[in-house]
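Residue-level structural notes
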Amino acid sequence: MPQMSNRIQLFTDSVIRRMTRISDACQAINLSQGFPDFPPPKALTDTLKQIADNGPHQYSVTYGADNVREAIAQKAGPALKRSISAADEVLVTCGSTEAMMCAMMTVCNPGDKVAIFSPFYENYMADTILCGAEPIFIPLVPPAYQFDSGLLEQAFQQGAKALILCNPSNPCGKAFTQQELEQIAALAIQYDIFVITDEVYEHIIYAPHQHIAIASLPGMWERTITCNSLSKTYSITGWRLGYLIAPATVMDGCRKVHDFLTVGAPSPLQEAAVTALHFPPSYYTDLQRLYTHKRSVFLNGLDQLHIPHNTPEATYYVLIDISAWLNLPQFSHWSDLEFCEWMTEHIGVAAVPGSSFFREPVNHLIRLHFARADATLEEALRRLAKLSALLEKE
Ligand code: GLN
(Lines give C-alpha, C1' and ligand atoms only; values in the text may rest on other atoms or scores of the structure.)
Protein backbone atom coordinates (compact mmCIF):
# COMPACT_ATOMS: atom_id res chain seq x y z
CA MET A 1 0.00 0.00 0.00
CA PRO A 2 1.37 3.48 -0.82
CA GLN A 3 2.35 5.64 2.15
CA MET A 4 -0.11 8.12 3.56
CA SER A 5 0.79 11.68 4.51
CA ASN A 6 3.08 12.55 7.40
CA ARG A 7 0.62 15.10 8.72
CA ILE A 8 -1.97 12.51 9.73
CA GLN A 9 0.61 10.88 11.99
CA LEU A 10 0.94 14.13 13.94
CA PHE A 11 -2.44 14.16 15.67
CA THR A 12 -5.00 11.71 17.01
CA ASP A 13 -8.74 11.74 16.54
CA SER A 14 -10.61 14.20 18.78
CA VAL A 15 -10.78 12.78 22.31
CA ILE A 16 -13.89 14.92 22.93
CA ARG A 17 -15.75 13.20 20.12
CA ARG A 18 -14.23 9.80 20.95
CA MET A 19 -15.70 10.11 24.46
CA THR A 20 -19.15 10.62 22.92
CA ARG A 21 -18.77 7.32 21.04
CA ILE A 22 -17.66 5.57 24.24
CA SER A 23 -20.54 7.16 26.13
CA ASP A 24 -23.05 5.99 23.52
CA ALA A 25 -21.62 2.47 23.61
CA CYS A 26 -21.98 2.40 27.44
CA GLN A 27 -25.36 4.20 27.38
CA ALA A 28 -23.90 6.65 29.88
CA ILE A 29 -24.99 10.22 30.53
CA ASN A 30 -22.83 12.11 28.09
CA LEU A 31 -21.28 15.12 29.80
CA SER A 32 -18.22 14.96 27.54
CA GLN A 33 -18.80 16.60 24.13
CA GLY A 34 -20.54 19.89 24.79
CA PHE A 35 -23.99 20.06 23.24
CA PRO A 36 -27.46 20.50 24.73
CA ASP A 37 -30.02 17.70 25.05
CA PHE A 38 -32.94 20.14 24.92
CA PRO A 39 -34.61 21.30 21.70
CA PRO A 40 -33.76 24.49 19.82
CA PRO A 41 -36.21 27.43 20.09
CA LYS A 42 -39.61 26.47 18.63
CA ALA A 43 -39.70 29.51 16.32
CA LEU A 44 -36.55 28.16 14.70
CA THR A 45 -37.83 24.61 14.16
CA ASP A 46 -41.19 25.98 12.92
CA THR A 47 -39.34 27.98 10.26
CA LEU A 48 -37.36 24.89 9.31
CA LYS A 49 -40.60 22.97 8.71
CA GLN A 50 -41.81 25.65 6.29
CA ILE A 51 -38.48 25.61 4.51
CA ALA A 52 -38.84 21.86 3.94
CA ASP A 53 -41.79 22.70 1.68
CA ASN A 54 -40.68 26.01 0.26
CA GLY A 55 -36.90 25.70 -0.04
CA PRO A 56 -34.20 26.72 -0.61
CA HIS A 57 -32.74 23.28 -1.25
CA GLN A 58 -29.92 24.18 -3.65
CA TYR A 59 -26.58 25.87 -3.03
CA SER A 60 -26.65 29.31 -1.53
CA VAL A 61 -24.11 31.91 -2.61
CA THR A 62 -20.78 30.36 -1.61
CA TYR A 63 -20.08 32.96 1.07
CA GLY A 64 -23.52 32.50 2.67
CA ALA A 65 -26.94 33.64 1.52
CA ASP A 66 -27.26 37.44 1.36
CA ASN A 67 -30.01 37.62 3.99
CA VAL A 68 -28.03 35.39 6.37
CA ARG A 69 -24.88 37.47 6.06
CA GLU A 70 -26.99 40.60 6.55
CA ALA A 71 -28.57 39.15 9.71
CA ILE A 72 -25.14 38.11 11.04
CA ALA A 73 -23.70 41.56 10.31
CA GLN A 74 -26.54 43.19 12.25
CA LYS A 75 -26.37 40.78 15.16
CA ALA A 76 -22.59 40.97 15.52
CA GLY A 77 -22.28 44.75 15.03
CA PRO A 78 -22.91 45.79 18.68
CA ALA A 79 -20.36 43.32 20.17
CA LEU A 80 -17.74 44.33 17.61
CA LYS A 81 -18.67 48.01 18.14
CA ARG A 82 -18.85 48.80 14.45
CA SER A 83 -21.10 48.52 11.47
CA ILE A 84 -20.21 45.25 9.71
CA SER A 85 -20.49 44.98 5.94
CA ALA A 86 -22.44 41.86 4.99
CA ALA A 87 -21.10 42.23 1.45
CA ASP A 88 -17.41 42.23 2.32
CA GLU A 89 -16.81 41.22 5.92
CA VAL A 90 -18.96 38.15 6.69
CA LEU A 91 -18.52 34.51 5.66
CA VAL A 92 -20.96 31.73 6.60
CA THR A 93 -19.15 28.45 7.33
CA CYS A 94 -19.86 24.86 8.34
CA GLY A 95 -19.58 25.51 12.05
CA SER A 96 -16.88 27.56 13.72
CA THR A 97 -14.71 24.49 13.11
CA GLU A 98 -14.52 25.44 9.44
CA ALA A 99 -14.28 29.14 10.28
CA MET A 100 -11.15 28.45 12.35
CA MET A 101 -9.62 26.33 9.61
CA CYS A 102 -10.30 29.02 6.98
CA ALA A 103 -8.74 31.63 9.25
CA MET A 104 -5.66 29.53 9.90
CA MET A 105 -5.15 28.60 6.26
CA THR A 106 -5.56 32.24 5.28
CA VAL A 107 -2.88 33.60 7.59
CA CYS A 108 -0.39 30.74 8.07
CA ASN A 109 2.36 29.45 5.83
CA PRO A 110 3.99 26.08 6.51
CA GLY A 111 6.67 26.63 9.16
CA ASP A 112 4.93 29.66 10.71
CA LYS A 113 4.50 29.76 14.46
CA VAL A 114 1.12 30.17 16.12
CA ALA A 115 0.68 31.22 19.76
CA ILE A 116 -2.02 29.31 21.65
CA PHE A 117 -3.14 29.67 25.26
CA SER A 118 -3.14 26.39 27.17
CA PRO A 119 -5.57 24.88 28.11
CA PHE A 120 -7.05 25.07 24.62
CA TYR A 121 -9.88 23.54 22.61
CA GLU A 122 -8.30 20.51 20.95
CA ASN A 123 -9.19 21.51 17.36
CA TYR A 124 -6.60 24.31 17.48
CA MET A 125 -3.72 21.88 17.63
CA ALA A 126 -5.02 19.86 14.67
CA ASP A 127 -5.74 23.08 12.73
CA THR A 128 -2.18 24.24 13.35
CA ILE A 129 -0.71 20.93 12.20
CA LEU A 130 -2.95 20.81 9.12
CA CYS A 131 -1.55 24.23 8.12
CA GLY A 132 1.99 22.95 8.60
CA ALA A 133 2.46 25.52 11.37
CA GLU A 134 4.02 25.10 14.78
CA PRO A 135 2.33 25.94 18.09
CA ILE A 136 3.90 27.96 20.90
CA PHE A 137 1.89 27.53 24.10
CA ILE A 138 1.29 30.18 26.73
CA PRO A 139 -0.07 28.77 29.98
CA LEU A 140 -3.27 30.07 31.55
CA VAL A 141 -2.43 29.39 35.17
CA PRO A 142 -5.13 28.01 37.50
CA PRO A 143 -7.07 28.80 39.62
CA ALA A 144 -7.86 32.10 37.84
CA TYR A 145 -6.35 30.92 34.54
CA GLN A 146 -4.31 34.09 34.19
CA PHE A 147 -1.42 34.48 31.79
CA ASP A 148 1.97 36.05 32.16
CA SER A 149 2.17 38.81 29.56
CA GLY A 150 5.97 38.36 29.54
CA LEU A 151 5.49 34.82 28.24
CA LEU A 152 3.02 36.05 25.65
CA GLU A 153 5.55 38.65 24.53
CA GLN A 154 8.24 35.95 24.33
CA ALA A 155 5.98 33.89 22.06
CA PHE A 156 5.49 36.93 19.84
CA GLN A 157 9.25 37.63 19.88
CA GLN A 158 9.80 34.08 18.60
CA GLY A 159 8.04 35.24 15.46
CA ALA A 160 4.45 34.04 15.99
CA LYS A 161 2.30 34.91 13.01
CA ALA A 162 -0.99 34.64 14.85
CA LEU A 163 -2.49 34.14 18.28
CA ILE A 164 -5.46 31.84 18.78
CA LEU A 165 -7.69 33.24 21.49
CA CYS A 166 -10.72 31.33 22.79
CA ASN A 167 -12.83 33.88 24.63
CA PRO A 168 -14.80 32.80 26.62
CA SER A 169 -12.46 29.91 27.01
CA ASN A 170 -13.27 26.25 26.49
CA PRO A 171 -12.41 24.30 28.70
CA CYS A 172 -11.55 26.57 31.66
CA GLY A 173 -14.57 28.89 31.48
CA LYS A 174 -12.49 32.04 31.56
CA ALA A 175 -13.94 35.32 30.29
CA PHE A 176 -10.97 37.50 29.41
CA THR A 177 -11.17 40.89 31.12
CA GLN A 178 -10.88 44.28 29.43
CA GLN A 179 -7.44 44.71 30.98
CA GLU A 180 -6.21 41.30 29.74
CA LEU A 181 -7.55 41.95 26.25
CA GLU A 182 -5.86 45.36 26.21
CA GLN A 183 -2.56 43.67 27.12
CA ILE A 184 -3.00 41.13 24.32
CA ALA A 185 -4.01 43.86 21.87
CA ALA A 186 -1.03 46.06 22.71
CA LEU A 187 1.38 43.17 22.09
CA ALA A 188 -0.43 42.02 18.93
CA ILE A 189 -0.14 45.56 17.54
CA GLN A 190 3.48 45.99 18.65
CA TYR A 191 4.57 42.69 17.07
CA ASP A 192 2.15 42.91 14.13
CA ILE A 193 0.32 39.66 14.79
CA PHE A 194 -3.06 38.36 13.67
CA VAL A 195 -5.53 37.36 16.37
CA ILE A 196 -7.86 34.51 15.47
CA THR A 197 -10.57 34.54 18.11
CA ASP A 198 -13.15 31.84 18.79
CA GLU A 199 -16.12 33.45 20.53
CA VAL A 200 -18.75 30.72 20.32
CA TYR A 201 -19.62 30.98 24.03
CA GLU A 202 -20.15 34.77 23.95
CA HIS A 203 -23.74 34.43 25.22
CA ILE A 204 -23.11 31.72 27.83
CA ILE A 205 -21.59 33.97 30.47
CA TYR A 206 -22.36 34.52 34.13
CA ALA A 207 -22.81 37.85 35.95
CA PRO A 208 -20.82 39.92 36.73
CA HIS A 209 -18.62 38.73 33.86
CA GLN A 210 -19.13 40.24 30.44
CA HIS A 211 -18.02 39.20 27.01
CA ILE A 212 -15.67 41.64 25.32
CA ALA A 213 -14.83 41.00 21.67
CA ILE A 214 -11.14 41.67 21.04
CA ALA A 215 -11.97 43.00 17.56
CA SER A 216 -13.79 45.88 19.29
CA LEU A 217 -10.58 47.21 20.88
CA PRO A 218 -8.82 50.16 19.19
CA GLY A 219 -6.43 49.01 16.47
CA MET A 220 -7.66 45.40 16.57
CA TRP A 221 -10.29 45.25 13.84
CA GLU A 222 -7.60 45.28 11.14
CA ARG A 223 -5.80 42.23 12.55
CA THR A 224 -8.61 40.15 14.06
CA ILE A 225 -10.50 37.26 12.52
CA THR A 226 -13.56 36.58 14.64
CA CYS A 227 -14.93 33.03 14.45
CA ASN A 228 -18.34 32.28 15.85
CA SER A 229 -21.13 29.79 15.62
CA LEU A 230 -24.88 29.40 15.91
CA SER A 231 -24.43 25.99 17.57
CA LYS A 232 -24.31 26.97 21.21
CA THR A 233 -26.27 30.21 21.08
CA TYR A 234 -29.33 28.60 19.47
CA SER A 235 -28.82 24.97 20.62
CA ILE A 236 -28.29 23.69 17.06
CA THR A 237 -24.87 22.03 17.15
CA GLY A 238 -25.91 19.50 14.49
CA TRP A 239 -26.79 22.20 11.96
CA ARG A 240 -23.10 23.01 11.56
CA LEU A 241 -23.56 26.73 11.03
CA GLY A 242 -20.78 29.10 11.90
CA TYR A 243 -19.38 32.34 10.62
CA LEU A 244 -16.27 34.38 10.31
CA ILE A 245 -15.98 38.15 10.43
CA ALA A 246 -12.86 39.91 9.21
CA PRO A 247 -11.75 43.04 7.37
CA ALA A 248 -12.32 42.81 3.61
CA THR A 249 -8.71 42.14 2.60
CA VAL A 250 -8.38 39.21 5.01
CA MET A 251 -11.90 38.08 4.15
CA ASP A 252 -10.91 37.69 0.49
CA GLY A 253 -8.44 34.99 1.53
CA CYS A 254 -10.89 33.29 3.91
CA ARG A 255 -13.55 33.19 1.20
CA LYS A 256 -11.19 31.54 -1.25
CA VAL A 257 -10.27 28.84 1.24
CA HIS A 258 -13.93 28.26 2.14
CA ASP A 259 -14.95 28.12 -1.52
CA PHE A 260 -12.72 25.09 -2.08
CA LEU A 261 -13.06 23.52 1.35
CA THR A 262 -16.85 23.19 1.59
CA VAL A 263 -18.45 25.37 -1.16
CA GLY A 264 -21.05 26.45 1.36
CA ALA A 265 -23.05 25.77 4.49
CA PRO A 266 -26.42 23.97 4.08
CA SER A 267 -28.81 26.45 2.49
CA PRO A 268 -32.10 25.31 4.13
CA LEU A 269 -30.49 25.60 7.56
CA GLN A 270 -29.00 28.99 6.75
CA GLU A 271 -32.42 30.25 5.73
CA ALA A 272 -34.03 28.95 8.92
CA ALA A 273 -31.29 30.50 11.02
CA VAL A 274 -32.30 33.99 9.92
CA THR A 275 -35.26 33.63 12.31
CA ALA A 276 -32.88 33.04 15.21
CA LEU A 277 -30.48 35.79 14.22
CA HIS A 278 -33.41 38.21 14.47
CA PHE A 279 -34.39 37.14 18.00
CA PRO A 280 -34.84 40.10 20.36
CA PRO A 281 -32.32 40.86 23.16
CA SER A 282 -34.58 39.01 25.64
CA TYR A 283 -33.62 35.72 23.93
CA TYR A 284 -30.02 36.17 25.03
CA THR A 285 -30.88 37.19 28.60
CA ASP A 286 -33.14 34.13 28.86
CA LEU A 287 -30.32 31.91 27.59
CA GLN A 288 -27.99 33.39 30.19
CA ARG A 289 -30.61 32.81 32.90
CA LEU A 290 -31.07 29.20 31.79
CA TYR A 291 -27.36 28.40 31.96
CA THR A 292 -26.89 30.36 35.21
CA HIS A 293 -29.53 28.06 36.69
CA LYS A 294 -27.92 24.91 35.26
CA ARG A 295 -24.53 25.99 36.50
CA SER A 296 -25.83 26.40 40.02
CA VAL A 297 -27.73 23.06 39.96
CA PHE A 298 -24.63 21.22 38.83
CA LEU A 299 -21.97 23.04 40.86
CA ASN A 300 -24.05 22.94 44.06
CA GLY A 301 -24.53 19.23 43.48
CA LEU A 302 -20.78 18.74 43.09
CA ASP A 303 -20.19 20.74 46.28
CA GLN A 304 -22.59 18.51 48.19
CA LEU A 305 -20.64 15.51 46.97
CA HIS A 306 -17.35 17.18 47.97
CA ILE A 307 -16.09 16.88 44.39
CA PRO A 308 -13.57 19.70 43.88
CA HIS A 309 -14.12 21.87 40.81
CA ASN A 310 -13.47 25.29 39.29
CA THR A 311 -16.22 27.89 38.91
CA PRO A 312 -16.57 28.85 35.26
CA GLU A 313 -17.13 32.53 34.52
CA ALA A 314 -18.61 31.53 31.17
CA THR A 315 -19.28 28.46 28.96
CA TYR A 316 -21.06 25.31 30.16
CA TYR A 317 -17.92 23.42 31.18
CA VAL A 318 -16.54 22.63 34.61
CA LEU A 319 -13.15 21.11 35.41
CA ILE A 320 -13.15 18.56 38.21
CA ASP A 321 -10.04 17.69 40.21
CA ILE A 322 -9.69 13.90 40.40
CA SER A 323 -6.36 13.87 42.32
CA ALA A 324 -7.96 12.28 45.38
CA TRP A 325 -9.27 9.36 43.29
CA LEU A 326 -5.97 8.86 41.47
CA ASN A 327 -4.38 8.43 44.91
CA LEU A 328 -6.59 5.42 45.61
CA PRO A 329 -4.79 2.10 45.11
CA GLN A 330 -7.23 0.90 42.45
CA PHE A 331 -6.45 3.91 40.24
CA SER A 332 -2.77 4.33 40.95
CA HIS A 333 -0.74 5.12 37.81
CA TRP A 334 -3.92 5.60 35.81
CA SER A 335 -4.10 8.28 33.15
CA ASP A 336 -7.00 10.71 33.14
CA LEU A 337 -8.16 9.04 29.91
CA GLU A 338 -8.28 5.64 31.59
CA PHE A 339 -10.16 7.22 34.47
CA CYS A 340 -12.72 8.78 32.08
CA GLU A 341 -13.20 5.48 30.28
CA TRP A 342 -13.70 3.69 33.62
CA MET A 343 -16.07 6.39 34.84
CA THR A 344 -18.17 6.14 31.69
CA GLU A 345 -18.54 2.40 32.04
CA HIS A 346 -18.81 2.03 35.83
CA ILE A 347 -20.32 5.32 37.03
CA GLY A 348 -22.38 5.96 33.90
CA VAL A 349 -21.19 9.53 33.35
CA ALA A 350 -18.87 10.50 30.46
CA ALA A 351 -16.28 13.27 30.79
CA VAL A 352 -13.30 14.48 28.74
CA PRO A 353 -9.78 13.95 30.15
CA GLY A 354 -8.08 17.27 30.90
CA SER A 355 -4.90 16.14 29.14
CA SER A 356 -6.65 16.69 25.80
CA PHE A 357 -6.74 20.42 26.55
CA PHE A 358 -3.47 21.14 28.36
CA ARG A 359 0.00 21.37 26.90
CA GLU A 360 1.37 21.09 30.44
CA PRO A 361 1.53 17.54 31.88
CA VAL A 362 -1.92 17.65 33.50
CA ASN A 363 -3.42 14.33 34.55
CA HIS A 364 -5.67 15.36 37.45
CA LEU A 365 -8.49 17.24 35.74
CA ILE A 366 -11.51 16.07 33.78
CA ARG A 367 -14.07 18.25 31.99
CA LEU A 368 -17.82 17.83 32.34
CA HIS A 369 -20.55 20.00 30.81
CA PHE A 370 -23.94 20.94 32.16
CA ALA A 371 -25.93 21.63 28.97
CA ARG A 372 -28.44 19.02 30.02
CA ALA A 373 -32.05 18.95 31.23
CA ASP A 374 -32.22 19.43 35.02
CA ALA A 375 -33.46 15.87 35.52
CA THR A 376 -30.44 14.54 33.60
CA LEU A 377 -28.06 16.68 35.67
CA GLU A 378 -29.70 15.38 38.86
CA GLU A 379 -29.34 11.79 37.66
CA ALA A 380 -25.69 12.45 36.74
CA LEU A 381 -25.13 13.80 40.27
CA ARG A 382 -26.78 10.70 41.77
CA ARG A 383 -24.35 8.58 39.75
CA LEU A 384 -21.39 10.75 40.73
CA ALA A 385 -22.29 10.12 44.39
CA LYS A 386 -20.89 6.63 43.78
CA LEU A 387 -17.58 8.29 42.97
CA SER A 388 -17.63 10.25 46.24
CA ALA A 389 -18.47 7.07 48.11
CA LEU A 390 -15.19 5.54 46.95
CA LEU A 391 -13.29 8.19 48.95
CA GLU A 392 -15.46 7.76 52.04
CA LYS A 393 -14.61 4.06 52.15
CA GLU A 394 -10.94 4.90 52.63
N1 GLN B 1 -16.99 22.54 21.46
C2 GLN B 1 -17.54 21.28 21.92
C3 GLN B 1 -16.72 20.73 23.07
O4 GLN B 1 -15.70 21.25 23.40
C5 GLN B 1 -17.59 20.26 20.86
C6 GLN B 1 -17.61 20.77 19.50
C7 GLN B 1 -17.37 19.70 18.51
O8 GLN B 1 -17.17 18.53 18.86
N9 GLN B 1 -17.38 20.11 17.29
O10 GLN B 1 -17.12 19.74 23.64
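Residues numbered from 1 in each chain as written. Predicted model: local features only at pLDDT ≥ 70, side-chain atom pairs only at ≥ 80, totals over all residues. Heavy atoms only, no water.

1. What to know about the nonpolar core
Ranked by size, the top nonpolar core spans 77 residues in total, and within it Tyr234, Phe298, Phe339, Met343, Leu368 and Leu384 carry the most contacts. For this core, the element with the highest residue contribution is helix α10 (residues 281-304), accounting for eight residues. Discounting chain neighbours no more than four positions away, the residues touching Leu384 are Phe298, Leu302, Leu305, Ile307, Met343, Ile347 and Val349. (Core = buried A, V, L, I, M, F, W, Y, C linked by side-chain atoms within 4.5 Å. Buried < 20%, exposed > 50% of the residue type's maximum accessible area, 1.4 Å probe, protein only. Helix = DSSP H or I, 4+ residues; strand = E, 2+ residues; numbered from the N terminus. Contact = heavy atoms within 4.5 Å.)

2. Looking at the side chain of Lys294
Among the secondary structure elements, Lys294 is positioned in helix α10. Overall, the relative accessible area of 4% leaves Lys294 in the buried class.

3. A few points about the packing of aromatic side chains
Counted according to the given criterion, the structure contains 21 aromatic pairs. With a centroid separation of 5.7 Å and an interplanar angle of 80°, the aromatic rings of Tyr201 and Tyr316 are classed as edge-to-face. Within this pair, whereas Tyr201 is found in the loop between β6 (194-198) and β7 (224-229), its partner Tyr316 is found in the loop between α10 and β9 (317-321), the two being separated by 115 residues in sequence. The class for Tyr316 is buried, based on a relative accessible area of 0%. Centroid distance Phe331 to Trp334: 5.0 Å. Interplanar angle 75°. Geometry classified as edge-to-face. Here Phe331 falls in the buried class, since its relative accessible area comes to 2%. Overall, Trp334 belongs to the partly exposed group, its relative accessible area being 24%. Put simply, the rings of Phe38, Tyr201, Tyr291, Tyr316 and Tyr317 pair up and form one aromatic cluster. Between the NZ or CZ atom of Arg295 and the centre of the ring of Tyr206, over which it lies, the distance is 4.2 Å. The lysine or arginine in question, Arg372, covers the ring of Phe35, its NZ or CZ lying 4.8 Å from the ring centre. (Phe/Tyr/Trp six-rings, centres within 6.5 Å; stacked < 30°, edge-to-face > 60°. Lys NZ or Arg CZ within 6 Å of the ring centre and 35° of its normal.)

4. Some remarks on a nonpolar patch on the surface
Together, Met1, Met4 and Ile8 give the surface a local cluster of nonpolar side chains, amounting to about 400 Å² of exposed area. You can see Met1 is positioned in the segment before α1 (15-26). Residue classification places Met1 among the exposed residues on the basis of a relative accessible area of 89%. (Patch = residues over 30% accessible without salt bridge, like charges linked within 9 Å, V, L, I, M, F, W, Y side chains within 5 Å. Areas by Shrake-Rupley, 256 points an atom, 1.4 Å probe, with all protein chains shown as cover. Salt bridge = Lys/Arg side-chain N within 4 Å of Asp/Glu carboxyl O.)

5. As for helix α4 (residues 95-107)
Since the α-helix packs 3.6 residues into each turn, any two residues three or four apart lie on the same face. Its 13 residues give α4 an end-to-end C-alpha distance of 19 Å, which sits within 8% of 18 Å, the value for a rise of 1.5 Å per residue. Taking burial as the measure, the 13 residues of α4 include ten buried ones, the bulk of the element. Residues of α4 that are buried: Gly95, Ser96, Glu98, Ala99, Met100, Met101, Cys102, Ala103, Met104 and Val107. (Expected span 1.5 Å × (residues − 1).)

6. Focus: the site of the ligand
Near the ligand you find Ile16, Arg17, Gln33, Gly34, Tyr121, Asn170, Tyr201, Lys232, Tyr317 and Arg367, and these make up its full shell. Within the contact set of the ligand, a nitrogen atom lies 3.3 Å away from a side-chain nitrogen or oxygen of Tyr201. In isolation the ligand offers 300 Å² of accessible surface; the protein chains occlude 89% of this area. Its residues assigned to classes, the shell around the ligand shows four nonpolar, three polar and three charged. (Near = heavy atom within 4 Å. Polar contact = N/O pair within 3.5 Å; in protein donor to acceptor, adjacent residues only side chain to side chain. Nonpolar A, V, L, I, M, F, W, Y, C, P; charged D, E, K, R; others polar.)

7. Description of the pattern of salt bridges
If charged atoms from side chains of opposite charge come close, those side chains can pair. What the rule picks out here adds up to 13 salt bridges. When the shortest N-O distance is used, the salt bridge between Lys42 and Asp46 registers 2.8 Å. Taken as a pair, Lys42 and Asp46 lie in helix α2 (residues 42-54) at a separation of four residues, close to a single helical turn. Residue class for Asp46 comes out partly exposed when judged on its relative accessible area of 27%. Asp112 serves as the salt-bridge partner of Lys161, at 3.3 Å between the closest nitrogen and oxygen. Of this pair, Lys161 sits in strand β5 (residues 160-166) while Asp112 sits in the loop between α4 and β3 (113-118), and the two are 49 residues apart along the sequence. Given a relative accessible area of 27%, Lys161 falls into the partly exposed group. Its relative accessible area of 17% is what places Asp112 among the buried residues.

8. Notes on the sheet that holds β6
The strand order across the open sheet formed by seven strands is β2-β8-β7-β6-β5-β3-β4, and the pairing between neighbours is mixed. The sheet terminates laterally at β2 (90-94) and β4 (134-139), the two strands that pair on one side only. Here the average twist between neighbouring strands, direction ignored, is 25°. Contacts between helix α5 (residues 123-130) and the sheet are confined to β3, β4, β5 and β6, with β4 contributing the most and set at about 150° to the helix. (Pairing = 2+ DSSP bridges. Axes fitted to C-alpha atoms, helices over the stretch in contact; angles between N-to-C directions.)

Note that all results are geometric; they support no functional claim without further evidence.
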